[in-house]
Structure formats: structure tokens, C-alpha cells
Amino acid sequence: MSDIAERVKKIVVEHLGVDAEKVTENANFIDDLGADSLDTVELVMAFEEEFNVEIPDDAAETIVTVGDAIKFLEKNAA
Amino acid sequence: MRRVVVTGLGMVTPLGCGVEHTWAGIVAGRSGARVVEGFEVSDLACKVACQIPVGDGSDGTFNADQWMDPKDQRKVDPFIVYAMAAAQQALDDAGWHPDTDDERNTTGVLVGSGIGGIGGIYDASLTLYEKGPRRVSPFFITGRLINLASGYISIKHGLRGPNHSVVTACSTGAHAIGDAGRLIAFGDADVMVAGGSESPINRLSLAGFAACRALSTAFNDEPTRASRPYDKDRDGFVMGEGAGIVVLEELEHARARGAKIYAELVGYGLSGDAHHITSPSEDGDGAYRCMQAALKRAGITIADVDYVNAHGTSTPVGDEIELKALERLVGNTAARLTMSSTKSCIGHLLGAAGAVEAIFSVLAIRDQIAPPTINLDEPSVETGIDLTPHVAKPLAVDIALSNSFGFGGTNASVIFRRLDS
């Protein structure tokens, strides 16, 4: 697992209060991990903070699974 | 109008988590005041407060994880967590866990706070300043709004009746209970979860209340002596935190399900000073009319009242004015009246104070005892009213009155009576 993937999963576990084993790359934040729309906004903010990137709203809307977040950050994080 | 009774009690206070734990401390005359822990106080004029004992939940300590999902705790200020704890306790105590549509639709929530999420507002404003608007949490607003205590409680317990809140500074808790009682009396609800919650202990609040000269500053080295209502050396209030919540219920509804009934809420009075933003009018007119209105609603006179839980915050001006208002009300019967300020033990819980003190009044009826005013070594004025110095007093209490007065000149009195006494 990449360093980015690990950091993403750690943030998801902390913010959504879910067990680490549930946080797979296919896990959907809302359907599988119990997030609501405000939780996903906060998650994106946490990714921005952790990886020092700006995630525009239209890009944020495409991040619906853990894997989406990892892919986006692997591509865009410095 | 329909009659309203108290069937459940819950609280989190500086003397512990839970009604019985707190009440045992109050009756024993224990002080919850300490030098403030958790943040820097060296540059503050007031360095003492009554903070909730945090722990693993055993022995009366408060463990937030027992009352609210840690994932949700992160999103809210502590006043909401305290309210969740006190509401759960009160509903459990009442044995009221509505699960039909009808039961849920007729059970409401009315929990207030004086200043709500001031700690979170302070933190978020620093985030905005240091990191910019994109770092302000989507939960910033929902975790600070005062009515979100009622909101979170209703969501957790599925209570779909009236969902309301009160913001009247230090009268909040009393107004919440009085207003909730009226919603039941008028038939808007059969059961109400009502009270107040407050989490004000941070640098900003201590600086602000000290700036308006409301806090004690002379006892930083002797915290347990700082809150001393009616004593000649009092110099301001000691800030407290916590929540008090009751379950109020329509009398026949409570009887039909065989609920334990603590007391009836028989009186509720309100008034405004229309005088000054922080000082009561010197003649105590607002307090006088407030108590008078509650007595009239209860259909009794002050001579029928056995115990008064005073607002008595330990400020130099306020205590004597309340006493004067009460003396004016009792006239020649003063010698018979017993009053105490439980703020001497737990400090001033601001928006939660009126609710916590209403509960103490109910417990005075249950246990036939007047809790003490600790630290009252020498009253600043002579009075025929027994201020219950130092130690609790066994007392036949059928009727108890609790006063709350707030900044802005907002006053509330509630009266409880042993059922059918």
C-alpha cells in the first residue's frame, strides 16, 4: 500500500469513526462508511490539509470512494 | 389547563455525572471549585472555576463516550454532549422510551443554553484567521447553535414533538422548564425533555465575564472559598459548566403508565427589569414581580413556600437585591422561610443553572432537606430568612421555589409541589 493510501485511510478512520478493515479502496463514503454529505465535505478538507493541495468543488464531487481519493491525491499531491 | 409533573431527572455538574452523585455532594456541602485546568490562566483575573470531573465514567466521573458517539462529539461543543448525557439520564429515569408514532409525535424537547458554543466559535475564528475560509469545518455552525442540543436529543431518541430552545442568559434553564410545562399544559405535547446546558469555561469567556466585573478574583489561591453567596466577603461568581434536564409529563399520562412522580410543576413566573444590562434594579422589583407571578399561577402565597433555591450567584450587588425582593414578599413571615444558594457548591452554570437548581428543588421535596449555602461565614446583611449556612437542614418541604435572573434583566421563577400535598 502506498504512503498516500495509508494516510488517506487513517484520515477516513479518524473522521468517520469506522473500523480500519472497513476502509477498503472500494468503500463508498456514504453507502458503506456511514458518512453524510457534510462528512464528505469535511473529509475533503482533511485531505487538503494533510496533502497540502486544493481540491476544487467539481473534483470533490467525483471523490465518492476511498479509492477515488487515493487516485486523485496520487495524481495531484506534491 | 392540564397538570404537569416531573417524572425524570438528569444532570452533569462539577460535582459529578448523574443526579444522585451530584445531590450527595450538594447535601454534604462539597465545593466543586478548583484552579482552572486545561488552558493558560496566568494572565486572567479569575483563575478558578467549577469544572466537570472527567474520567472513565466510574465514581461519578464524566466519560463523554458513554453518552455520544465519538464521531459526533468531534462536531459539537461540549454543551451539546452534556445535554445528551443529561437527557439520556432523565429519559432512563422516567422510563420513557417512546417507540410508537403517537408516543414520538407527542414527546418534544426544549433545551437551552446561555451562550452555546462559544469555545468552538473562538477556535474556528482562529482557524479562519490563520488558515482561511476553506478550513472552516462544515460542522462549525451546527456544532455551536444553541438549539442543536434539542436537535441532537430529538434525533437520538426519535422525539418528534415540539422542538424548541431558550436563550435567556442565566435564566435559560428555568425558562426552558417553565415554557416546556406550558406546552404540555396547552396540549402541544404530552411529554417534554426540558432544561439547560452550558460549556463556557475557556479563556475568552473568563476574560469577558471578568471584564464586566462579574467573576470572583480574590480567591484564586483558595478556590473552594470563592463562591460564597450572601457572605460579606463575596466578590463575584465562580463559573461552572454542565447540564440539567428533566422529563415533564402530563399528569394523567404519567399516571396511566405508572410512572414515578417526583413533584408537580405548579408555578411559573416571568418578568423583565427594564433597567440595566447587567445590574438588577436596586429595589429588586423584577425579582419581586417574577416570584409573585409564579405564586399567583400556583394559587398559593409565599407563606406556603417551604424552601427557596436562590439565584444567589455570589456577586456583591445581586445577592442582596434578591434577598430584599424576597423579604418584601414575605413581610412578617420571614422567620419561617428557608433559602439557600447551591451555587456555593457548584458555581454558576449560567444557562444550565436554572435547570440544575430546579432539580435540586425537586430533590429537596423528595428528601425533605434544604441543601446548604457553604462559605457563608458572615452574612453581609441581617435577615430573618434562614440562609442555611454551611450544613444541610432537615426540613418539611412540600413546596419549593427556584429563582433565576439573567443579564438583560430577564427573570424566571418556577415552583414545584409534592403531588397532592
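All values derive from a computational prediction rather than experimental measurement. In this convention, every chain numbers its residues from 1, walking through the sequence in written order. Written order decides the labels, with chains lettered from A and ligands numbered from 1. Where local features are concerned, this predicted model is filtered to residues with pLDDT of at least 70; where side-chain atom pairs are given and counted, the filter is 80 or more; whole-chain, interface and lining totals use all residues. Note: side-chain values were computed over all heavy atoms of the structure, leaving out hydrogens and water.

Enquirer: Help me understand the environment of B:Gly25 in this model?
Expert: All names here are of chain B. Secondary structure elements are defined from DSSP: runs of H or I of at least 4 residues count as helices, runs of E of at least 2 residues count as strands, and each element is numbered from the N terminus. Position of Gly25 among the secondary structure elements: in helix 1 (residues 19-28). Partly exposed residues are those whose accessible area sits between 20% and 50% of the maximum for their type, while under 20% is buried and over 50% is exposed, using a 1.4 Å probe and protein chains only. By relative accessible area, Gly25 is classed as buried at 0%. It is 33 Å that separates the C-alpha atoms of Gly25 and Gly331, two residues lying 306 residues apart in sequence. Throughout, a residue-residue contact means that at least one pair of heavy atoms, one from each residue, lies within 4.5 Å. Apart from the residues within four sequence positions on either side, Gly25 is in contact with Leu15 and Arg30.

Enquirer: I keep staring at the interface of chain A and chain B and nothing clicks. Help me out?
Expert: How big an interface is tends to be stated in terms of accessible area lost as the parts join. In this assembly, 16 residues from chain A lie in contact with ten residues from chain B. Three residues stand out in chain A for area buried against chain B, namely A:Glu42, A:Met45 and A:Glu49, and they jointly supply 40% of the buried area on that side. The working definition used for a salt bridge is a side-chain nitrogen of Lys or Arg within 4 Å of a carboxyl oxygen of Asp or Glu. Counting across the interface, chain A meets chain B through seven salt bridges. Ionic pairing is found between B:Arg135 and A:Glu48, a salt bridge with its closest N-O pair at 3.0 Å. Considering each element in turn, the side of chain A that touches chain B owes the most residues, seven residues, to helix 2 (residues 37-51) of chain A. Looking at the side of chain A that touches chain B residue by residue, the classes come out as six nonpolar, three polar and seven charged. Buried area is calculated as the accessible area (1.4 Å probe) missing from two parts once they are joined, with the contributions of both summed. Under the scheme applied, nonpolar residues are Ala, Val, Leu, Ile, Met, Phe, Trp, Tyr, Cys and Pro; charged residues are Asp, Glu, Lys and Arg; polar residues are all the others, including Gly.

Enquirer: Looking at this structure, how should I read the UniProt feature "active site" (unreviewed entry) in chain B?
Expert: Residues and elements named next belong to chain B. As recorded in UniProt, the feature "active site" (unreviewed entry) lies at Cys170. Turning to its location among the elements, Cys170 is positioned in the loop between strand 6 (163-164) and helix 7 (172-185). Aside from chain neighbours lying at most four places away, what touches Cys170 is His311, His348, Leu350, Gly354, Ser404, Phe405 and Gly406. UniProt positions are given in the numbering used here, feature names are shortened, and annotations may be inferred rather than shown by experiment.

Enquirer: When you look at helix 1 of chain B in this model, what are you seeing that I'm missing?
Expert: Every α-helix winds through 3.6 residues per turn, so residues three or four apart in the chain are directed the same way. All names here are of chain B. Along helix 1, the residues that are buried comprise Val19, Thr22, Trp23, Gly25 and Ile26. For helix 1, the angular spread of the buried residues around the axis is 160 degrees, confining them to a single face. For helix 1, the elements touching its buried residues are strand 1 (4-13), strand 2 (16-17), helix 3 (78-94), helix 12 (343-346), helix 13 (353-367) and strand 13 (369-370). Following helix 1 by one or two positions, Gly29 adopts a phi angle in the positive range, close to 75 degrees. Picture the helix axis, draw a direction to every C-beta atom, and the arc is the one those directions span.

Enquirer: I keep staring at unusual backbone geometry and nothing clicks. Help me out?
Expert: Backbone geometry follows two general trends: most residues other than glycine have a negative phi, and most peptide bonds adopt the trans configuration. The phi dihedral of B:Ser314 is positive, around 90 degrees, even though this residue is not glycine. Within the secondary structure, B:Ser314 sits in the loop between strand 11 (307-309) and helix 11 (316-330).

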